[in-house]
Amino acid sequence: METKRNIKYFTAPPVSIPALIGWVIVVIGVICMTMRWMRIAGIIMAIVGFAVVVFTSGGKSTDTDLEFQISERIKNLQERSEKKFEVYEKNFLKMLKPVNLRGYDFLAKEEPFYFKKGADGVNRTNYFAGCNLIFTSEKMFVFGRRFSLTDETIDADFTGSYFFTELDKAELEERVYEAKKGDRTIEVKYYIFRILKADGTNALEMTVDYGADIDKYADMISRAIVTRQKELAKRAEEAAQRRAEFRARVEAEKAADAAAAAAEAGN
């Protein structure tokens, strides 16, 4: 990973002085190009200025660079999950297909912690997590990867498997991160996706990109938990009833056999 270039993405000023000088040269060159007797000199100046801009700005990552690095790291999470848990498409719960979550991590405790709003409007930190959730008739499987964009030593998978009977609900929480921008403090909204267990602890908690799908996922997962718990409880009740009926038949047969034996002995 291009950690040095990524660090500059978060820490370097939007426009460096050398790059600014390069743009000034480009502008002067363009102006000179409009003058007939200065056209060749203007072209040369514009080329030189543009070269200065490219050279001075080439040392840091762009928004696109970071997104590409992230995509490469989380592109095969479901495939790895299926192999680890030995669960495949034929096992998937019909009412809820696998869910993919992703987001820049605003909950990170490591240092340094960087924040930047990209030119594309995306609020970024130097930590990221992606996660795949697979649902079967009885369990939810979690397979995710969390890593730093600025420190190669921070890169680890996180996994888990939970019976629906262990789970409570999924929820989305909105929080605010306060970022310093010069003398100003700006407030940035971010969102926590959480799947709670019945004991109140987290089966999953991570920052996620906000969108309509996130609200939908929370509702769908919560609904699936309730539905499967009812179905599993009904199945358990029916199984218990069958066991009770079987035991009753066995006891009745034993009593009948004992009565028959007693009658035969009396004769």
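In the block above lies the structure referred to throughout.
For clarity, every value in this text was computed on a predicted model and none was experimentally measured.

Parameters at a glance
- Sequence positions are assigned chain by chain, starting from 1 and proceeding in written order.
- Confidence filtering applies because this is a predicted model: local features only for residues at pLDDT of at least 70, side-chain atom pairs given and counted only at 80 or more, and all residues used for totals across whole chains, interfaces and linings.
- No hydrogens and no water enter the side-chain calculation; it runs on all heavy atoms of the structure.
- What counts as a salt bridge is simple: a side-chain nitrogen of Lys or Arg found within 4 Å of a carboxyl oxygen of Asp or Glu.
- Secondary structure elements are defined from DSSP: runs of H or I of at least 4 residues count as helices, runs of E of at least 2 residues count as strands, and each element is numbered from the N terminus.
- A simple rule labels every residue: compare its accessible area, found with a 1.4 Å probe on the protein chains alone, to the largest value its type can have, and call it buried under 20%, exposed over 50%, or partly exposed in between.
- The angle between two axes is taken between their N-to-C directions and runs from 0 to 180 degrees, where each axis is a line fitted to C-alpha atoms and a helix contributes only its stretch in contact.
- Here roughly perpendicular refers to angles of 65 to 115 degrees, roughly parallel to angles under 35, roughly antiparallel to angles over 145, and oblique to all remaining angles.
- Left-handed is the label given to a crossing in which the near helix is rotated counterclockwise from the far helix by less than a right angle, and right-handed is the label when the rotation is clockwise.
- It only takes one pair of heavy atoms within 4.5 Å for two residues to be counted as in contact.

J.: Tell me what's going on with the pattern of salt bridges, and back it up with residues and numbers.
T.: Counted under the stated rule, the structure contains 21 salt bridges. Arg5 is the salt-bridge partner of Asp65, the closest N and O atoms lying 3.6 Å from each other. Of this pair, Asp65 sits in helix H4 (residues 63-74) while Arg5 sits in helix H1 (residues 3-11); the two residues are 60 residues apart in sequence, bridging distant segments of the chain. Among the residues examined, Asp65 registers a relative accessible area of 24% and is labelled partly exposed. For Arg5, a relative accessible area of 24% corresponds to the partly exposed category. In this structure, the salt-bridge partner of Glu231 is Arg228, at a minimum N-O distance of 2.0 Å. Of this pair, Glu231 and Arg228 both sit in helix H6 (residues 212-266), three residues apart, which is roughly one turn of the helix. In this structure, a network of salt bridges that share partners links the residues Asp63, Glu67, Arg102, Asp120, Arg124 and Asp209.

J.: Could you give me a rundown of the packing of H1 against H4, with the residues and numbers involved?
T.: Direction vectors running N to C along H1 and H4 enclose 130 degrees, while the axes themselves pass 11 Å from each other. Considering the angle they form, H1 stands oblique to H4. Crossing hand, H1 versus H4: left-handed. Along the contact surface, H1 presents Arg5, Asn6, Tyr9 and Phe10, while H4 presents Asp63, Asp65, Leu66 and Gln69.

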